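# Structural features, examined
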Amino acid sequence: MFSKILIANRGEIAVRIIKTCRRLGIATVVVYSEADADSLAVEMADEAVFIGPAPAAESYLVADKIVAACRETGAQAVHPGFGFLSENAGFARRLAQEGIVFIGPNPDAIAAMGDKIESKKFAARAGVSTVPGHVGEIEDTAHAVTISEEIGYPVMIKASAGGGGKGIRVAWNRKDVEEGFPAVRAEAKASFGDDRIFIEKFIESPRHIEIQVLGDKHGHVVHLFERECSIQRRNQKVIEEAPSPLLDEATRKAMGDQAVALAKAVGYDSAGTVEFVAGQDRSFFFLEMNTRLQVEHPVTELITGVDLVEQMIRVAAGEPLPFAQADLKIDGWAVESRIYAEDPYRGFLPSIGRLVRYSPPPEGRVEGAVVRNDAGVREGDEISMFYDPMISKLSTWGRTREAAIDAMGEALERFHIEGLGHNVPFLSAVMDEPRFRSGKLATSYIKDQYPEGFRGVEPDSFQTDLFIAAACAMHQTLSDRAWPGRGRADWIVNLGGADHPVRLSGDGRSWALELTDEGRTLTLSDVDWKPGRPTFSAVLEGRPFTAQVRPAAEGFVIRHRAAEARVLVLTPVSAALHKRLPPKKAADTAKLVLSPMPGLVVSLSVVEGQEVKSGETVAVIEAMKMQNIIRAERDGVVKSVGPKEGDSVAADEVLVEFA
């Protein structure tokens, strides 16, 4: 076994690997860029080596710097995590030449299966059913258009060396290819140092199901069942689960057998994932093989009890797998939610900034379920524009799918983040959404269920009562502090424009709220809140909950799961005056094109005086390694252009103003 391992990665996966190494008694070294100098991974590792500027192409993607760090620290092996150099056969060969062990598959397996173009050729020769497409290299945009029209729209434009949802576009017509092909090529070059692209038929309403495989250096390969990864946006996974609600035992065995056969054919000897696109009728086609650890590996670990990072390390050290296929069983159900620094109310665009508050839910066993949070950040850390916007991966396990989903919903309630946009409200909405709970999934799920974008959800009857009760309890607590012994008991709660007269009594821990107009009384008990605390926990009518709260003029803004509202707690006189206030008018931004996210201006396509039609590209903004095309939403003549190419812009900064 190794005594010291270097982790050629950052963020949550670096922290994840450190935790297993600590348990195994293995010392760890992490490399870090300027942006990660104060990261949690650097703090946790036994040693840390600086490798350069923030851009990955100048730090994490430079093999020479990784090798030099191994030489400097005496690390015997390198774990690449995922992304960066994890699927680079040249890097694996370089380590072998230097006498350093690569904790991953052998270079020949990476070359055969890690390259998306070569893997499809290999799978076709091996008799594996694949999605129709063009697997040769593509010369330029015109060539891409020709290929796309031969295959037939829609098509998927995909980086050969891609992964993690980067370097992918779905093209529905010629214009999409003309705009998407150069964008994908640029993303591929920036993210992976490889700008080769392939194009394949995009299968509508598919499901994304993958099989986890694990092989050793003695010819043994097993699979650890499947993961359903159909909840995606911009081709990047958001929610995963294991097992899949689609598969029956026969299909599960067929997919598992095919994945193992493919892995054996290529001599696979580490953890890897064989991905399939599946129809609702349980038909399936080989999509690609990821020759590395997957982001979503925790759900597999939760249902099998196997530490995949540990097995990768043991296999790399030459140990045989300690189990056969017959020893592996599915135990319960697991769900993973990726907590991203992105704004779901703005089309899930990246949101960079500092984690002013970061308080995840408690981990471990919670009322028959298990909660696990894989994170590489702490309160006060910054999510930068240079890397993936992931904050953490929250996973829950339960005996049944329903139990795992319920546990996830409750864990998301307790997850508190401030300082930047995040997708916790959206994830909460999905956990409560009937179609998701039914298991009738597809990769188009987000587009299908939220065609106009995510706008939150309207509070249900319980949440309406919750908002009223929490607001009254907090307001009364503040009133009693300000005027001891002189607080009033009768209030008017304004919620969504409707007034709710309330008579309140209680002692701070328990409250009775008489809704005088409705003839009913709410019981709020076990209150856990103090002024200044951003979460309010209690039991309302026997149901425990945690809400996110912040003060606002004459009341509070309260969010429970995906429902949010401003709640005013008023005296009867103040409530009467509020009814006389004129409605506030929104600012007129019809003549402005605003940057939807903070980022870097890659290109500007317009100049002053130019006539622009609705839908035309006006700028390309890059954030988190993704290029985002900004289009005009109206016809007009350009009055002024704000930034220049190469400038950094903030969210809502004016890019173009029309006359």
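What this report covers is the structure whose coordinates are included nearby. (Residues numbered from 1 in each chain as written. Predicted model: local features only at pLDDT ≥ 70, side-chain atom pairs only at ≥ 80, totals over all residues. Heavy atoms only, no water.)

Spatially, the four strands line up as an open sheet ordered β37-β36-β34-β39, and their pairing is antiparallel. Edge strands, defined here as strands with exactly one partner in the open sheet, are β37 (626-631) and β39 (648-649). Pairing of strand β34 (residues 599-604) with β39 involves two bridges; the strand directions are antiparallel. In the strand pairing of β39, L600 is matched with S648. Contacts between helix α8 (residues 174-192) and the sheet are confined to β36 (617-623) and β37, with β37 contributing the most and set at about 145 degrees to the helix. (Pairing = 2+ DSSP bridges. Helix = DSSP H or I, 4+ residues; strand = E, 2+ residues; numbered from the N terminus. Contact = heavy atoms within 4.5 Å. Axes fitted to C-alpha atoms, helices over the stretch in contact; angles between N-to-C directions.)

The next thing to look at is helix α10 (residues 297-304). Each α-helix winds once per 3.6 residues, and so residues spaced three or four apart point in a common direction. In terms of burial, α10 is a largely internal element, eight of the eight residues being buried. All buried positions along α10 are accounted for by H297, P298, V299, T300, E301, L302, I303 and T304. G305 sits one or two positions beyond α10 and adopts a positive phi of about 75 degrees. (Buried < 20%, exposed > 50% of the residue type's maximum accessible area, 1.4 Å probe, protein only.)

This part covers the sheet that holds strand β25 (residues 490-495). With antiparallel pairing, eight strands are arranged side by side around a closed barrel as β25-β26-β27-β28-β29-β30-β31-β32. Across this sheet, the average inter-strand angle for adjacent strands is 35 degrees, counted without regard to direction. Alignment of strand β26 (residues 498-506) against strand β27 (residues 511-515), held across five bridges, turns out to be antiparallel. Residue pairing in the sheet places R503 in a bridge with E514 of β27. In the packing of helix α16 (residues 461-482) onto the sheet, the strands contacted are β25, β26, β27, β28 (520-528), β29 (535-540), β30 (543-552), β31 (555-560) and β32 (563-570), and the crossing angle to β31 comes to about 140 degrees.

Quantified by volume, the second largest pocket comes out at close to 550 Å³. Lining the second largest pocket are 24 residues; nearest its centre among them are Y345, P425, R550, R559 and E564. Where the lining of the second largest pocket is concerned, the elements lending two or more residues are β24 (416-418), β30 and β31. Per-class residue counts for the lining of the second largest pocket are 11 nonpolar, six polar and seven charged. (1 Å grid on protein atoms, 1.4 Å probe; cavity = no way out; pocket = protein on both sides within 12 Å on 5 of 7 lines; lining within 4 Å. Points joined across faces, edges and corners; volume = space filled by probe spheres on them. Nonpolar A, V, L, I, M, F, W, Y, C, P; charged D, E, K, R; others polar.)

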